[in-house]
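Coordinate inspection notes
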Amino acid sequence: MMDNNPEECSVCFNNYDDTLLRPRNLPCGHTFCSQCIDNAVKNGQLNCPSCCAQHTATSATQFPISYGMEAFIRKLNGMEAFIRKLKGMEVVPAETVPAKPNKAPTRGIGKKLRSLVEEQKSSISSLITSCEEVLSQLGEYRGQLGDWKTQHLQLQDRLYALVEQNKSAMKLLELEDTSVVDMTTQGEEGKTQLQAMLGSLDTVNTAQEVGTTIDTADECSMKVEDWLQKCQELFPDVNTVHTSVKVQETIREALEMTTTETGATADPVHLGDSDSSIMTKVKEITGEISQKEITVEDLRRMREPVKSQVEAGRVVAVKSLVEAGRVVAVQEDQDGRRSARITLQDGQLYLHPLLRQPTPAHAHTIQESDVVGVLDPSCTLAFLDLGWAGSTRGRVTIRLTPDTPLAIQFVLLCTGQRGHTYRNTKLLRVGGKGQPGEMVRGGDYESNDGEGGASLLPDLQGQYQDSRQAGAVGSWWPLPGGPRSAQFFIATRDREAGPQWPRVFGDVVSGLDVVRAAVNHSDITEVTVVDCGVVLPL
C-alpha cells in the first residue's frame, strides 16, 4: 500500500520530530516513531505494526534512527518553505545586482533562502572538520600498524619457531591496513566533495540552483556522515590489534626465556566510549595485554603533560589500572614475596606498606626498590591514616627532615621495607591534654603497649631541630637508640614556655585537625594507625 504521508508515523499519525518521535527502522524494514515502538514492546518482544514480524527488544533505542527519513523530512520542509517563498517572491534581474570583487554574487535569493544556504555551509564545514580529525586518526593508526608490521618482520627473522603465528598476525594487519586505506580514500573523496559543495553554495544565482545544490549537498553530507559512523564502528579491529601485540609479546618472552610456548588468544576488551579516538581505543586494547611490569616512568607520566595521542592512551591505561588497584610494588626475599598497594588520590600517588598478602588477580607489578628509589631524600612526605570507632577518620601527611636517621627510620616503618610497619599500631598516650604543649605519642610496632618499638638502625644520632610549634614530629626517647626508639610524638598545641621539644625530625603539613580530634577521643588507645606509607614524588 502506498504511503501518502511518509513524514508521519503510521501508528499515531503524528509527524516525526527530533525528540520523542524520532523515526526508527525495524529489521523488517518498516519505520515508526520511537514512542510507538516503546509502547509496543512487551515482555522483551516487539511485533511490527505493519507486517507482524517479531523482533527481540526492550526499548526503542535498540533500533537505529532512520537518518534517511529525517533527511527527507528536512528536505520536504525546505521545499515547502521554498514553494511558499516562490509564490510571493519578485525575482531580481541579475544585471541589477552590483558585482563584488573576488566573489561571485548571489542574485535572486531572499533572506530565508540565504539563511538556509548559510546553515548548509555551517553543517558542511562542521563535517569537514570531523572528516579531517578522523583522517588524522586514520593516518596515525596506519603509522602504528606500519610500526607493528616492521616489528613483526624483525622478530620473524630471529625466531623461526613462531614464524607461522607471526605470519598470521601479519595477515590480519595487512587486511586491517587495506581496510584503512580504503576508508581513507573514501574519506578524502567525501572531503573533496564537501569542499566543492561549499564553493557551489557561494555561486548559486537562482532559487532553482539553490534547491538543486542543496539536494546534492544533502546527498554528499549523508555519505560523509555514513563514512564517519563506519570509521567509528570498524576501527580498530579488536582481534587484529590484540593478536598483533600479544604475538610480539610472546615472541620476545620466548627469546628471553628460550621457550616456544605462545598464547595469542583474544580476550574480550572493552573499548569504552564510541567517541574515543581510534588511537585511544588502540591504547586501551594494548593496555589490557601489555607486559606485567609497569615502569616508574609510566607512573611519572600520569602527572606530566603528555606529548602525543599515543602517549595519552598509555597514560589512560596505566591510570585506569592504578585506580582499579591492579598496580602493586613487590619485594622478593628469602621468605617469599611481599607486595604494597599503589593508590591515586586527588592527583597524588601513594605507596602503602609492604605486606605478606595475595597479589591481586591480573595485577601489574613494579619492583618496590625502584619505586622507593625515586624518593627525594631532601623532602620526603609520609602519611598516617588514623581511625577509631570502626572507621578511618583522616590522613595525616608529614614532611620529614632530610637525611636524618630518625626520618629514614620513619620511612622504613611507613613502607615496611625491613618487615616492620606502623600499620595497625595504637596511639599510646596524650601528654598535657588541653594545655599548651599538648602532644600524643605512638609508634610501638612490636608490643603495641608502649614497651616496645626498637630502633631499626644501629645509630640514630644526627642533626635535629628543637621546636615549640604544633605539628612538630619527633622522637620521645633519648638517642643513640634503644628498645623504644621507634616511638614518635606529634605536638598538637604550641608550647608557649619551657624547654622545646627535642629530636624533631618532621612536621605535619596536613591533617593536624585529625590528630587533634584523636586526642579528644575518650580513649586514645582506641585510635589506630589503620594505614601508612609515603607520597611518591613522581
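Everything below is about the structure printed above this text.
Predicted model, so just to flag it, every value in this text is computed and none were measured.

In this structure, the amide linkage connecting F235 to the following residue, P236, adopts the cis form with an omega of -10°. Note that P236 resides in the loop between α5 (207-234) and α6 (238-257). Cis rather than trans, the peptide bond between L479 and P480 has omega equal to 15°. Tracing the sequence through the fold places P480 in the loop between β14 (472-475) and β15 (488-491). The phi dihedral of N448 is positive, around 60°, even though this residue is not glycine. If you trace the backbone, N448 turns up in the loop between β12 (439-442) and β13 (465-467).

Contact geometry for helix α4 (residues 163-202) and α5: axes closest at 10 Å, N-to-C directions at 155°. One element, α4, and the other, α5, form an angle in the roughly antiparallel class. Taken as a pair, α4 and α5 cross one another with a handedness that is left-handed. Packed against α4, whose contacting residues are M183, Q186, G187, G190, Q193, L194, M197, S200 and L201, the element α5 presents T213, I214, T216, A217, C220, S221, V224, W227, K230, C231 and L234 at the interface.

This brings us to the packing of aromatic side chains. Counting across every chain of the model gives eight aromatic pairs. Geometrically, the ring pair formed by F489 and W501 is tilted, given 6.2 Å between the ring centres and 40° between the ring planes. Of this pair, F489 sits in strand β15 while W501 sits in strand β16 (residues 501-510), and the two are 12 residues apart along the sequence. The exposure class assigned to F489 is buried, which follows from its relative accessible area of 1%. On the basis of relative accessibility, which here comes to 2%, the residue W501 falls in the buried class. What links up through ring pairs into an aromatic cluster is the set F410, Y422, F488 and F505. Over the face of the ring belonging to F383 we find R395, whose NZ or CZ atom lies 4.1 Å from the ring centre.

Reading the values: the criteria
- Residues numbered from 1 in each chain as written.
- Predicted model: local features only at pLDDT ≥ 70, side-chain atom pairs only at ≥ 80, totals over all residues.
- Heavy atoms only, no water.
- Helix = DSSP H or I, 4+ residues; strand = E, 2+ residues; numbered from the N terminus.
- Axes fitted to C-alpha atoms, helices over the stretch in contact; angles between N-to-C directions.
- Parallel < 35°, antiparallel > 145°, perpendicular 65-115°, else oblique.
- Left-handed = near helix turned anticlockwise from the far one by under 90°.
- Contact = heavy atoms within 4.5 Å.
- Phe/Tyr/Trp six-rings, centres within 6.5 Å; stacked < 30°, edge-to-face > 60°.
- Buried < 20%, exposed > 50% of the residue type's maximum accessible area, 1.4 Å probe, protein only.
- Lys NZ or Arg CZ within 6 Å of the ring centre and 35° of its normal.

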